[in-house]
Amino acid sequence: MPPHVSACIYPKEKRYGAALTIIGCAFWLVIILSILVQKNVIAALILVAIYGVLLWVLMKFFAALFRAWMLGNMVALSERQFPELYAIFAEVSQNLGLKAAPEAFVYNSHGAMNALALRLSRGRYVLLTSALVETEDNAQLRFVIGHEIAHHVLGHLNPLKQLIRYPAVIVPFLYPAYSRAREYSCDAVGASLLENKNEAFTALQMLACGAKRLNHKMNPIAFVAQEQRMPGFAGFCREICLSHPRLTLRVKRLMTIYPVNTTMPKPLSTNTQGEA
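The residue numbering used here restarts from 1 in each chain and proceeds along that chain's sequence as written. For a predicted model such as this one, the threshold for reporting local features is a pLDDT of at least 70, and the threshold for listing and counting side-chain atom pairs is 80 or more; totals across whole chains, interfaces and linings nevertheless cover every residue. Based on all heavy atoms of the structure, the side-chain values leave hydrogens and waters out of the count.

**Topic: the pairing of strand β4 (residues 123-129)**
We apply this condition: Partly exposed residues are those whose accessible area sits between 20% and 50% of the maximum for their type, while under 20% is buried and over 50% is exposed, using a 1.4 Å probe and protein chains only. In DSSP terms, a helix is any run of H or I states spanning at least four residues, a strand is any run of E spanning at least two, and both are numbered starting from the N terminus. Pairing between strands is defined by DSSP: at least two bridges between the two strands are required.
For β4, a buried count of six out of seven residues is recorded, marking the element as mostly surrounded by other parts of the structure. In this structure, strand β2 (residues 103-107) lies alongside β4, joined through five bridges in parallel fashion. Considered in β4, the bridge of V106 is made with L128. The pairing of strand β3 (residues 115-120) with β4 spans six bridges and is antiparallel. What sits directly across from L120, in β4, is G123. Taken together, β3 and the strand that follows it, β4, pair antiparallel across an intervening segment of two residues, in which S121 is found at a positive phi of about 55°.

Listed below in structure tokens is the structure:
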């Protein structure tokens, strides 16, 4: 992992991750000990091995099914397919230290603006929605791509790590807190790729707004100011249950890391001719 990427890791991610690992290891240790104390240890081990193989086969099968669905219903980026977008994706992957870029797909989201990183078996993937690509702002798109690739670079989707930590999901609020910390880390990585950090702020605000016409009129400072109106108790209760921090907090977090360009966007033009 390049130093400039590891420097972006949110401090609480490491603490929450360590807690999940300790709890997960303790759980698996109890399982192993409970097997070893059986009267017929060999039979118990064989049974566990059979269940393990079956689970592995099922996971491989469903991963293959999902990959088949992607290849048949999404558009894969390549040097021949959307080469400009693919060049951004490949350059960001290299900048973040990946020897081989994840496979990238664009799919019809029917207006939903989002992106997703996932790991299927040994394959690494990033999915971009059609509405996101339509923003026509390479800097904002670069931020989102960097955010998703950061999930791969930072090991968030590592299957072995996820398996070890999985039992810790029984601890209330711990895994969501870890997941939110990961998002802060990936936001910082994505923003580190941009010369103008305002583009990172507006990229996150764009996910909240979702209006192409308003994309270049966004005021992230005013967006963060909405936090002052947030009901304290209700905001807290909602936040601790979510896997992603609310977008106002994500923009606010980035503004504490990177200098803010306080230049306000130009007023929205009243002439809408030619606009979608």
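There is more to say, and it comes next.
**Looking at the pairing of β2**
In this structure, strand β1 (residues 75-76) lies alongside β2, joined through two bridges in antiparallel fashion. In the strand pairing of β2, A76 is matched with F105.

**A short note on the confidence of the model for the chain**
The predicted coordinates of low-pLDDT regions are not to be read in fine detail. Stated precisely, the cut-off is as follows: Known as pLDDT, the predictor's confidence for each residue is given on a scale from 0 to 100. We call two residues in contact when some of their heavy atoms are within 4.5 Å.
Put simply, the chain has an average pLDDT of 88, and 93% of its residues get 70 or more. Element-level mean pLDDT values for the chain span from 88 in helix α1 (residues 3-6) up to 96 in β1. Note on residues 262-276: pLDDT under 50 across the span, and 16 contacts to partners over four residues away in sequence or across chains.

**Description of the pattern of salt bridges**
Filter applied, for reference: By definition, a salt bridge exists where a carboxyl oxygen of Asp or Glu is found within 4 Å of a side-chain nitrogen of Lys or Arg.
The tally for this structure, following the rule as stated, stands at six salt bridges. Of the charged contacts in the structure, one is a salt bridge between E103 and R67, with a shortest N-O distance of 2.8 Å. In this pair, E103 sits in strand β2 while R67 sits in helix α3 (residues 41-73), placing the two residues 36 residues apart along the sequence. The class of R67 is partly exposed, set by a relative accessible area of 30%. One network of salt bridges, with partners in common, ties together E183, D187 and R250.

**Description of the environment of R124**
You can see R124 is positioned in strand β4. Along the sequence, R124 and E103 sit 21 residues apart, while their C-alpha atoms lie 6.3 Å from each other. Excluding residues that lie within four positions of it along the chain, R124 makes contacts with L98, P102, E103, L118, R119 and H152.

**Describing the sheet that holds β2**
Basically, it comes down to this: Axes here mean lines fitted to C-alpha atoms, for a helix over just the part in contact, with angles spanning 0 to 180 degrees between N-to-C directions.
Taken in spatial order, the four strands make up an open sheet running β1-β2-β4-β3, and their pairing is mixed. The sheet is open, and its two borders are formed by β1 and β3, each paired with just one other strand. On top of the sheet, α3 reaches β2, β3 and β4; it is set at about 140° to β3, its chief contact.

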